[in-house]
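Survey of secondary and tertiary structure
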Amino acid sequence: MWKWLHTYADPERAYKLSGTLLPWFACLAIAFIGLGTTWGLLFAPMDYQQGDSFRIIYIHVPAASMSMATYMAMASASFVGLVWQIKSADWAAAAIAPIGAIITFIALLTGAAWGKPMWGTWWVWDARLTSELVLLFLYLGVISLYASFEDKVLAARAAGILAIVGVINVPIIKYSVDWWSSLHQPSTIKITEKSTMTNEMIFPLLINMAGFGLMIGAITLVRYRAEILARNGMRPWVRELATAEEAK
Amino acid sequence: MQFESFAEFINMGGYGFYVWLSYGVTFGCLATLITLSVRKKRKVLIEIAKKMTREQRLKENRGTKS
């Protein structure tokens, strides 16, 4: 019944399918981020406590929540790769890791630039900030493990185990503001109850979160395609592409 | 529109430095990541093409010796 799924594990089909999906992801991402950022910067009402500094939220929260979602995506791909030995899943995990690292770095930096005017300090060693920093190190660990083996099957196994073990950190980040007292404010978006923000503030935020997700998807597809080519250099269809590229 | 003038928009109610630092670094990082990712495909293909030429040369040399 699930046999149709396996055909997408074929590198050539995966390469072509991601090529078809890429323009959709890219265009939607640009539209969402453009709309969300313009709305957030220009039209959302000012926060009565934090003034205009709260406008950092429109990149900080999307980056922070997507840094966790991206980690889960990478770990799931690694899990599929480890358990069912599907190489395309390993390549997907390898494609995602650098993107996650950049997004996590953005979440940390925008958090620092928001913390300085609001808390009076760029950094504190509290649970939320420290666990997010650990997430960055996990990404860097996965990237370096994957890069340090010549044999990429072995490399993907080593990096995959680290990625899966590191999943424990994600709920710690998520619930750190509830479990420990923290300088970091609790989350403003609530799924089950009413959010603590007005709609005019929250819509651009949700749009930007969707936009960041789509953008991460688009960059993943770009890197995934390059990774497929790099791992299949012996195959005739890749060699044809290489000859065509060299002639350019 | 929340701002009266462009100067006010840049000033961000006194938080201009922090807001624009955040947005600047974010879009700078993302632009770098996207550029490197897009260029990677060509880099990989050129490398494969070079490897093919090397293999081809090895094969030819072996042919002349025997």
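Residues numbered from 1 in each chain as written. Chains lettered and ligands numbered in written order. Predicted model: local features only at pLDDT ≥ 70, side-chain atom pairs only at ≥ 80, totals over all residues.

Put simply, the rule is: UniProt positions are given in the numbering used here, feature names are shortened, and annotations may be inferred rather than shown by experiment.
In the nomenclature of an unreviewed UniProt entry, chain B corresponds to Heme exporter protein D from the organism Shewanella algicola. According to UniProt, the comment filed for chain B under the heading Sequence similarities (unreviewed entry) is "Belongs to the CcmD/CycX/HelD family." Here is the UniProt Subcellular location (unreviewed entry) comment for chain B, exactly as written: "Cell inner membrane".

Per an unreviewed UniProt entry, chain A goes by the name Heme exporter protein C and belongs to Shewanella saliphila. A UniProt comment under Function (unreviewed entry) is attached to chain A, and it reads "Required for the export of heme to the periplasm for the biogenesis of c-type cytochromes."

1. Thoughts on the overall build of chain B
Heads up, the condition is: Secondary structure elements follow DSSP: runs of H or I no shorter than four residues count as helices, runs of E no shorter than two count as strands, and numbering proceeds from the N terminus. Any residue with 12 or fewer other C-beta atoms within 10 Å of its own C-beta is exposed, any with 20 or more is buried, and the rest are partly exposed; the C-beta atoms used are placed from the backbone.
The number of helices and strands found in chain B is two helices and zero strands. In chain B, which comprises 66 residues, the proportion classed as buried is 18%.

2. Section: the environment of Ala95 of chain A
All names here are of chain A. Which entries qualify depends on this criterion: By the convention adopted here, residues make contact when the C-beta atoms placed from their backbones lie within 7 Å.
Turning to its location among the elements, Ala95 is positioned in helix H4 (residues 87-119). Linking Ala95 and Ile143, residues 48 residues apart in sequence, is a C-alpha distance of 9.4 Å. Those residues within four positions of Ala95 in sequence are excluded, and the remaining contacts are Thr220, Arg223, Tyr224 and Glu227.

3. With respect to the packing of helix H5 (residues 127-147) of chain A against helix H7 (residues 169-179) of chain A
Residue and element names in this part refer to chain A. Rules: To get an axis, fit a line to the C-alpha atoms, keeping to the stretch in contact for a helix; angles then go from 0 to 180 degrees between the N-to-C directions. Oblique is the label for every angle not falling under 35 degrees (roughly parallel), over 145 degrees (roughly antiparallel), or within 65 to 115 degrees (roughly perpendicular). All amino acids are sorted into three groups, where Ala, Val, Leu, Ile, Met, Phe, Trp, Tyr, Cys and Pro are nonpolar, Asp, Glu, Lys and Arg are charged, and the leftover types, Gly among them, are polar.
Across the interface, H5 lies against H7 with an axial gap of 8 Å and an inter-helix angle of 170 degrees. Put simply, H5 runs roughly antiparallel to H7. Across the interface between the two elements, Ala127, Arg128, Ser131, Glu132, Val134, Leu135 and Leu138 from H5 touch Asn169, Ile172, Ile173, Ser176, Val177 and Trp179 from H7. Along the lines of polarity and charge, the residues of the contact of H5 with H7 split into eight nonpolar, three polar and two charged.

4. Remarks on the UniProt feature "transmembrane region" (unreviewed entry) in chain A
Residues and elements named next belong to chain A. Within this structure's numbering, the places UniProt gives as "transmembrane region" (unreviewed entry) are residues 21-44, 56-84, 91-115, 127-147, 154-173 and 202-224. Structurally, residues 56-84 is divided into 97% helix and 0% strand, and its ends, taken at the C-alpha atoms, are 42 Å apart. End-to-end, the C-alpha atoms of residues 154-173 are 30 Å apart, and along that stretch the chain is 85% helix and 0% strand.

5. So, the nonpolar core
Applied cut-off: In these notes, a nonpolar core means any group of buried Ala, Val, Leu, Ile, Met, Phe, Trp, Tyr and Cys residues linked to one another through C-beta atoms within 7 Å.
Met74, Ala93, Ile96 and Ala97 of chain A are the most contacted members of the largest nonpolar core, which totals 76 residues. When contributions to this core are tallied by element, the ones reaching two or more residues are helix H2 (11-43), helix H3 (57-84), H4, H5, helix H6 (152-165), helix H8 (199-231) and helix H9 (236-247) of chain A together with helix H2 (16-65) of chain B. At 17 residues, H4 of chain A tops the list of elements feeding residues into this core. Contact partners of Ala93 of chain A, with chain neighbours within four places excluded, come to Met74, Ala77, Ser78, Gly81, Gly160 and Ala163 of chain A.

6. Side note on unusual backbone geometry
In terms of backbone geometry, most residues other than glycine have negative phi values and most peptide bonds are trans. Here Gln85 of chain A, not a glycine, exhibits a phi torsion of approximately 55 degrees, which is positive. Residue placement: Gln85 of chain A occurs in the loop between H3 and H4. Located in the positive-phi region is Met12 of chain B, a residue other than glycine, with phi close to 50 degrees. As for its placement among the helices and strands, Met12 of chain B is situated in the loop between helix H1 (6-11) and H2.

7. Remarks on the interface of chain A and chain B
The interface of chain A with chain B comprises 35 residues on the first partner and 28 residues on the second. For the side of chain A that touches chain B, the elements supplying multiple residues, two or more each, are H2, H4, H8 and H9 of chain A. For the side of chain A that touches chain B, the residue count by class is 22 nonpolar, five polar and eight charged.

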